[in-house]
Amino acid sequence: MQELNYWEPGNLLEAVSLLSNLGEKGRPLAGGTDLLVKMKQGPANWNGIVNLKGLTELKGIAFDGQTITIGALTRVSDMMADSWVGLHFPILVEAARSLGTPQIRNIATIGGNLCNASPAADVALVFLIYEARLHIMGPKGARKVPVQEFYTGPGQTVLEPGEILTAVEMDVPPLNSKGVFVKHGKRKSHEIALVNVAVLITPQPGTKLIARARIAVGAVASTQLRLREAEESLSQTVVTADVLERAAELAEAAVNPIDDVRSTAAYRRQMVRVLTKRALQKAWGGER
Amino acid sequence: MSYSVVGQSVPRVDAREKVSGSAIYTGDMVLPHMLVGKVLRSPHAHAKIISIDTSKARSLPGVKVVLTYEDTPKIPWNSAGFPPSPGAILVEDQYILSDKARYVGDGIAAVAAVDEDTAIRALDLIEIEYEVLPALMTLERAMAAEAHLIHDAEKNIYGHTPVVIGDVEAGFAAADYVFEDTYYVPKVNQVSMEPCGVALAAPDRDGRVTIWTSTQMPHLVRRITAHALGLNIGQVRIIKPPVGGAFGSRLGVVNEPIAALLALKAGKPVMLKYTREEAFLATESRHPISMTLKTGVKKDGTFTARQLTSYIDGGAYATHTPSFAGPVAGWFLAMYKSPNIKVDNYSIYTNATQCGAFRGYGNPQVVFAVESQMDDIARKLGIDPLEFRLKNHPCAGEVWLWSGWAIESCGLEECMAKGAKAIGWSEKRNEGAGGNSRVTTGAAGTKKRGLGMGYMMHVSGARPMLHETSAAIVKINEDGGANLIYSNSDCGQGSGTALTQIAAEELGIPYEDLVMTKTADTDVSGFDIGSHASRQVYSGGNAVKGAAAVAKQKLLAMAAEMLQTPAEELVVEEGQVWVSHDPSKTLSVAEVAHAAHFGSHGHQIIGAISEEPAGNPPVYAAQFAEVEVDTETGVVEVLKVVAAHDVGTAINPAAVEGQIQGAVQQGIGYALTEEYRCDLETGRPLNPNLADYKILTSVDMPPVETILVQAASETGPFGAKSVGESGLVATAAAIANAVYDAIGIRFKELPITPEKVLAALHERKES
């Protein structure tokens, strides 16, 4: 057992200041659904907790008709209930519904899901295909980072000591875009993804072509991945079974999973192909 | 036969306290000056302890007691909750704290401190030097000639249970076909909602210790705990409050001796509450077994010889294992008739957590193997699987080899017929192994459906292998209500409710007027074996019914005097006594009881009994599963389960169905998702938590249709047999057979994971 210091800052600047002083020894606490589990698992190399829950400026959702901004401290369940999110970003809600359990969703925050940087995170994966931008505040001021540049490894992000994720913003995708989120696990609830896949397909108006496809996969590399080659193979193409199969094969080739207690690398690799194909089929539908 | 309350789905006696959250479990209790206990566990699977230094821990403020092996009584014991009986082989190889680390999680030291934080801090301050030995995590490594010895025994193979009936070699020679297959089943955990291992021990000034504990067997825990501590039976009092599920995990001593020793040394109450992780790490779970089955059969489906050779991984301590090998043989040899049968079961030490009882006690393991092979044999012979089983199973009137006694009743044929109809057996099953006729769904036919079934028999107690003593007292109060005093080891299954119904029915008073001792207390109730072997309603029920019958006899004698009519002409029902041929001559039970207490006699009407039941009537079940296999992901989805069970008379049908439904959930987990795994090199557990140990959730459950067949027993109370364990015994076999029906691949190892299914599909494609 080790000593633990605990703070409840009253505003964002105080939180930034506390965390920069603590450096590597500090951890911000949001929902706590990951941090408290890690604390129980034994001694860590940090000993200071900065509880962000009092920072009301980091909570809530704003929409201006084009861009939605979700405060980092927004609880997953509150995001799921937001009507703008439901209307314009439905697969974010779908992914959120598969995160943990109702009790966890009532505590866990959007920012926590991103900053925990789990390669298997469900909600964070969907931000990749909506090309979200992350608002970060730190001792040197504010900056914005595209979510695809946020992760550096499992549990690792570009956040510097003292930096706090404050919000996530996303633009409404082009009209008629269709997204799909697929999570593969051993059971239907209380599950951590063996593989998860999110796709967003935007059709070329007035044609049978795909204008643009976005594909993101989780739990199959050290960070969540956008699969650019597979996406490129679909752009400006007419959808056929072969085209989707080819994209799924490119997806499989791009991942680098590991063996662990939850599954094997070989199985995960195959699932990337199967689930990418299925997600694309479902997103494209049969009727276009 | 019509009854007033037997056969009614009355509300459970503990329903209100459970659903309102007001039930007080052991872990909820607080006593003045109570300390908190914690156990220091070995990080190594196999290691000698070179030295232990507890001085820093002892000097930490707030720490009251630090114990190691040096401080424990040098009395070896065995944690399994067995009464001394012919079938109890109790190898005593445990101490309250260990002298050597034999698995990751083995208890090496224990502390009691003023609060949990201090206790945890004290554990960190205990310094231990280990000499790490090779971890023997597999049967092969433990059995190897050069293997390190886990105990001071000649070999790590420490038990052999042979059975020989006839001559199997002659039988195989006479067979038209001989099938030989090896099956493997993994370790799975009971995962009761209240983690296993909660005890609160309080010493008093008279040299006694009272232990509130979450247990299935108060009297046997009293016996073993007293022995381990070197105390007399009278110095230990066990109280069993409500228990949050057990499923066998609490079938014997768990952590009562550690809690009691800490409390006795501290002179204060000590609460020792295991976490979920500790329940995985350090308490008993289901035995992994490697089973080789060899079966000789004639073309007409008659068996000529059946042979089982099994290697039972008992883990680091013997506990149940050598005794458990007996029922493992029993389940196998009693399922199907054959003139020649041979069994060789070997008990093996490994460096895994010790194994013990888990709902079914070896039967789910055996039935998975036997019923998988039966499916293959039926297919090879071209015989319908249902007919094949009906041709070979033992029937009413025949001797059941498990007990050696005649079978009292058999409802299997009805279970088969009703179950088959409910699942759509004749319409939906893909006959033969061709694969073309299989129902497919999904895009491009990637999902294939199939049907399978499994049959099983189970016990209603453990006689004659073990004693099945129960005791009950029924006392009729002055207002006509009654108390039932019984060592109620209901751990959630609802047996307390069924026993209350039995007592009320026999006594002839309304169910609501009878109050049972919901809390078992060894200072109060007579000796009872506890909850094991699905015995509570059969064995406990007979004692309860007997005590009520004695009380009723006395009640009627009193009423006879009051009504001036011979007692044999009187009837008592629903709280009223009347003359059978003249119902106008009547008295309420209240009037009789009042007269007994305060009339000329001055006595309370009390019936008491302690006895063993006369038999051990087996139950039967046929379970059916429909599955859909996703051939691209390997996922097996169970679409429906039909569980047709002959339980004898269902005392409380809703409770019986609840038992079957809950068991099926565990059975599906056993088939598809559950496996407690460890690193094979270090022995470190990989999934001692509910995130990575996959029990099924409510949304994973398919519709489960239960069918109750009530072939009444001769010796059970009102014809009851049993249901506690049987609901999961045949489930994994039914699912494995359904998977075969869907994709034509036989899985001989559980769980049938998506990874295994996909690999097998690819292998077949390549070959």
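Everything here concerns the structure above.
Residues numbered from 1 in each chain as written. Chains lettered and ligands numbered in written order. Predicted model: local features only at pLDDT ≥ 70, side-chain atom pairs only at ≥ 80, totals over all residues.

A. Up close: the overall build of chain B. Looking only at helices and strands, chain B has 19 helices and 30 strands in total. The C-alpha radius of gyration computed for chain B amounts to 27 Å, which stays within 12% of the reference 27 Å derived for 767 residues, consistent with globular compactness. Across its three principal axes, chain B shows a C-alpha extent of roughly 90 × 75 × 55 Å. Counting contacts in chain B only where the partners sit at least 6 residues apart, residues at least 24 apart contribute 81% of the total. (Helix = DSSP H or I, 4+ residues; strand = E, 2+ residues; numbered from the N terminus. Rg over C-alpha atoms; globule rule 2.2 N^0.38 Å. Contact = placed C-beta atoms within 7 Å.)

B. The interface of chain A and chain B, seen in detail. Counting from both sides, the interface comprises 17 residues of chain A and, opposite them, 21 residues of chain B. Broken down by class, the residue content of the side of chain A that touches chain B amounts to 6 nonpolar, 7 polar and 4 charged. (Nonpolar A, V, L, I, M, F, W, Y, C, P; charged D, E, K, R; others polar.)

C. Quick peek at the environment of Gly 419 of chain B. All names here are of chain B. With respect to the helices and strands, Gly 419 occurs in helix α12 (residues 412-423). Taking the C-beta count within 10 Å as the criterion, Gly 419 has 26 such neighbours and is therefore assigned buried. Measuring from C-alpha to C-alpha, the distance between Gly 419 and Ala 622 comes to 6.9 Å, with 203 residues separating the pair along the chain. The residues touching Gly 419, leaving out its near neighbours within four places in the chain, are Ala 622, Phe 624, Val 642, Ala 644 and Ile 707. (Buried ≥ 20, exposed ≤ 12 C-beta atoms within 10 Å, placed from the backbone.)

D. Structural detail: the nonpolar core. In this structure, Val 126 and Val 199 of chain A together with Val 111, Leu 262, Ile 735 and Val 739 of chain B are the most contacted members of the largest nonpolar core, which totals 333 residues. Considering each element in turn, this core owes the most residues, 12 residues, to helix α15 (residues 536-563) of chain B. Excluding anything up to four places from it in sequence, Leu 262 of chain B contacts Gly 37, Val 65, Leu 67, Ala 110, Ala 112, Val 270 and Leu 272 of chain B. (Core = buried A, V, L, I, M, F, W, Y, C linked by C-beta atoms within 7 Å.)

E. Representation of helix α19 (residues 754-766) of chain B within the structure. End to end, α19 of chain B covers 18 Å across 13 residues, agreeing with the expected 18 Å (1.5 Å per residue, within 8%). Pro 754, Val 757 and Leu 758 of chain B are the residues of α19 of chain B that are buried. Each buried residue of α19 of chain B sits inside an arc of 95° when the element is viewed along its axis, so together they form one side. In α19 of chain B, the exposed positions that point more than 90 degrees away from the buried face belong to Glu 763 and Glu 766 of chain B. Elements in contact with the buried residues of α19 of chain B: α11 (265-284) of chain A together with β28 (619-630) and β29 (636-646) of chain B. (Expected span 1.5 Å × (residues − 1). Arc of directions from axis to C-beta.)

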